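# Structure at a glance
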Amino acid sequence: MSYAAVAQQGLKAVEESDWNKAVEKLSEALKSSQNPAWLIARSKALAGLGRPDASLADADLAWHAAVQRSKRELMASAQYRRGVAYFQLKQYANADYCLLHCMRLTKGGPAVPREDPCLRYVDGDGFWTRSADEATRAAQEEEAGKKKLSDALAGSGESDAVRAQMREWRMASTIAIQALKAMEKLPADDPARKLTTTLIPERKDLVNHAPDKVTSGESAATKENVAPAKAAPAAAPAVPKAVDPNEPPFRMQDFQSDRNISVSIFSKGVDKEKLQVQFSETSVHLDPLVYSNGEQKEFHLNLWGEIDPSNSKYIVTPNKVELTLAKKTLGKWPAVQSDGAPKKAPLPKPEVAAAVPVDSSAPKAADTKPTVYPTSSRTGPKNWDQVGAEENSDDEKDVNAFFKKLYKGATPEQQRAMMKSFTESNGTSLSTNWDDVKDKTVATVPPDGVEAKKWD
C-alpha cells in the first residue's frame, strides 16, 4: 500500500475521532512525506490523546512545511493547532497569541509581517494584556461584519468562501476567549500570563510518534512493518482510559440551537437516585456514571462556552443521561468540549442550524434568522426581506453583479480592504486600497438627501 493511501486512512481516522489509529497511520505516511496537512491532522489526534507537547511539536513543524509550500490556509491551521496545544498545556498567553495569528491569516494577513501586530498586547514585563471582554467584542464585531458581507455576496461562490472563513475564525476565537477567561483567574504574576513563544516556531526534526496502545483492529499494513520480535511489548501499555480528557469511555451525542445545547451521555444503568449533577458556568460534573468496565465513578465535562447553571437541567434514562444546557450567550458552539476536537455527531452548519431545533425550549427559526431559510436552490439562501426590492431596479442588479465580480477577482489584500471599508461604512463606501483604510475607521457617507442614523 502506498504511503498516500496510508495517510488517507489516517485522515479518515481523525474524522472518526479514532486517535490511536490516526497516529499510527499518519506516522507511517510522514516517514515518506512531511505533508503539512498530515502533520496538522496528527497534531489534532495527539491532542485528542491528551499529549499536548507532542501535538505542539507537530503543529510547529506543520507551520514550516506550510510556508515552504506557500499554503496560507495550512499556515492558519498550524497556528490554530499551536494555540490548542498551548491551551491544553495551560500556557494561556501563548495560546491566545497563536490563535490571534490564526485569525489574522484567515483574513488575508501576511504569513510573516514586518512588525508583529500581536505584540501590542505584551507589556514591558512580558505579560499578556488582552482581556476576555476585548476578545468577545472583537468576535461580535467580526460576526456582524462577515454577516453583512455574506449577505451581500449571497448567490455567488464567494459567499461559501466567506462562510468557511467565518467558521475558521470562529473556532480560533472561541478557544481564545476560553484561554483568556482561564488566564484572568490566575495570579497577576503567574507564568501562564507571560508570552514565551514566537510567530515563527523553532524547527525540529520529525518525531515518529507511536499510538497509546495497539488495538485489536491493527491493519495488515502495520503488521507487515513490525518485526515479530517487537510484538511482545504490545501488552505493556496500561494507560487507563480515564486519563484521556477528550475521549470519554462512553459515547456522546449532541444537538444544539442558538440558545441550548443538548448532550446525551450513553452510560447504561445509572442510578438516578444516586447521581449528583453539578452545573457550573464552564463545566458539568456528574458523579457517579457507569463506565464500560462496570466501574462507577465521576465524570467531568469541560464546555466550549459558558452556560446558565440555573436554567440547565438533566434527566436519567436506562441507557443514558441527557443534559439540557442553557447557553449564556446566543450562538453556535463549534463543539461541546473545550479541547477543540470535533465530535462524531457533526454540528449543524450556521446557515441552517436555526431550522433544526432539537428541544422544546429551543428558539424557532424566526427567533434567530427571521428572513433567511435553508434552500436547495443553486443561488443559495433567499433573503425574503428583499423580495420585491430585488425586482425594482435592473440597475441595482448590475451593481451587485459588478461587486461580486470585483471581489472575486481581487487579491487577498484588496479583499481585506473591501471587507473593512464595506462593513465600517455600513455599505456606503468600498475601497480596494488596504494602505488607505488599514489605519483608520471608514466613515459612513450616505447618499445626498439621506441622513445616517445610529441605531442602539
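Residues numbered from 1 in each chain as written. Predicted model: local features only at pLDDT ≥ 70, side-chain atom pairs only at ≥ 80, totals over all residues. Heavy atoms only, no water.

Per an unreviewed UniProt entry, the chain carries the name SGS-domain-containing protein and comes from Trichoderma longibrachiatum ATCC 18648. Under the UniProt heading Sequence similarities (unreviewed entry), the entry covering the chain gives this text: "Belongs to the SGT1 family." (UniProt positions renumbered as here; feature names shortened; annotations may be inferred.)

### Structural notes on the layout of surface pockets
Regions of empty space are outlined by a rolling probe, equal in size to a water molecule, passed over the atoms. Its volume calculated, the second largest pocket comes out at about 1600 Å³. Taken together, 38 residues make up the lining of the second largest pocket; nearest its centre are Lys107, Arg120, Arg416, Lys420 and Trp434. Those elements giving two or more residues to the lining of the second largest pocket turn out to be helix 6 (92-106), helix 7 (132-152), helix 8 (157-184), helix 12 (412-424) and helix 13 (434-437). In terms of residue count, the dominant contributor to the lining of the second largest pocket is helix 7 (nine residues). Classifying every residue of the lining of the second largest pocket gives 15 nonpolar, five polar and 18 charged. (1 Å grid on protein atoms, 1.4 Å probe; cavity = no way out; pocket = protein on both sides within 12 Å on 5 of 7 lines; lining within 4 Å. Points joined across faces, edges and corners; volume = space filled by probe spheres on them. Helix = DSSP H or I, 4+ residues; strand = E, 2+ residues; numbered from the N terminus. Nonpolar A, V, L, I, M, F, W, Y, C, P; charged D, E, K, R; others polar.)

### Considering the sheet that holds strand 1 (residues 252-256)
In spatial order, the strands read 1-2-7-6; together these four strands make up an open sheet with antiparallel pairing. A strand with exactly one partner marks an edge of an open sheet, and here the two such strands are strand 1 and strand 6 (313-316). For this sheet the average axis-to-axis angle between neighbouring strands, irrespective of direction, equals 15 degrees. (Pairing = 2+ DSSP bridges. Axes fitted to C-alpha atoms, helices over the stretch in contact; angles between N-to-C directions.)

### A word on the confidence of the model for the chain
Per-residue pLDDT for the chain has a mean of 75; in total, 69% of the residues score no lower than 70. When mean pLDDT is compared element by element in the chain, helix 3 (residues 36-48) scores highest at 94, while helix 9 (residues 220-224) scores lowest at 33. Here residues 382-399 scores under 50 on pLDDT; set against residues more than four positions off or in separate chains, the count is 14 contacts. (pLDDT = per-residue confidence, 0-100. Contact = heavy atoms within 4.5 Å.)

### Side note on helix 12
Look at helix 12: 18 Å from first C-alpha to last across 13 residues, which is about the 18 Å you get at 1.5 Å a residue. Among the residues of helix 12, Gln415, Arg416, Ala417, Met418, Met419, Lys420, Ser421 and Phe422 are the ones counted as buried. Phi turns positive one or two residues past the end of helix 12, at Asn426, with a value near 60 degrees. (Expected span 1.5 Å × (residues − 1). Buried < 20%, exposed > 50% of the residue type's maximum accessible area, 1.4 Å probe, protein only.)

### Structural notes on helix 4 (residues 52-68)
Spanning 17 residues, helix 4 covers 24 Å between terminal C-alpha atoms, matching the ideal 24 Å at 1.5 Å per step. The element helix 4 is extensively covered by neighbouring structure, given that 13 of its 17 residues are classed as buried. Positive phi shows up at Ser70, right after helix 4, with a value of about 55 degrees.

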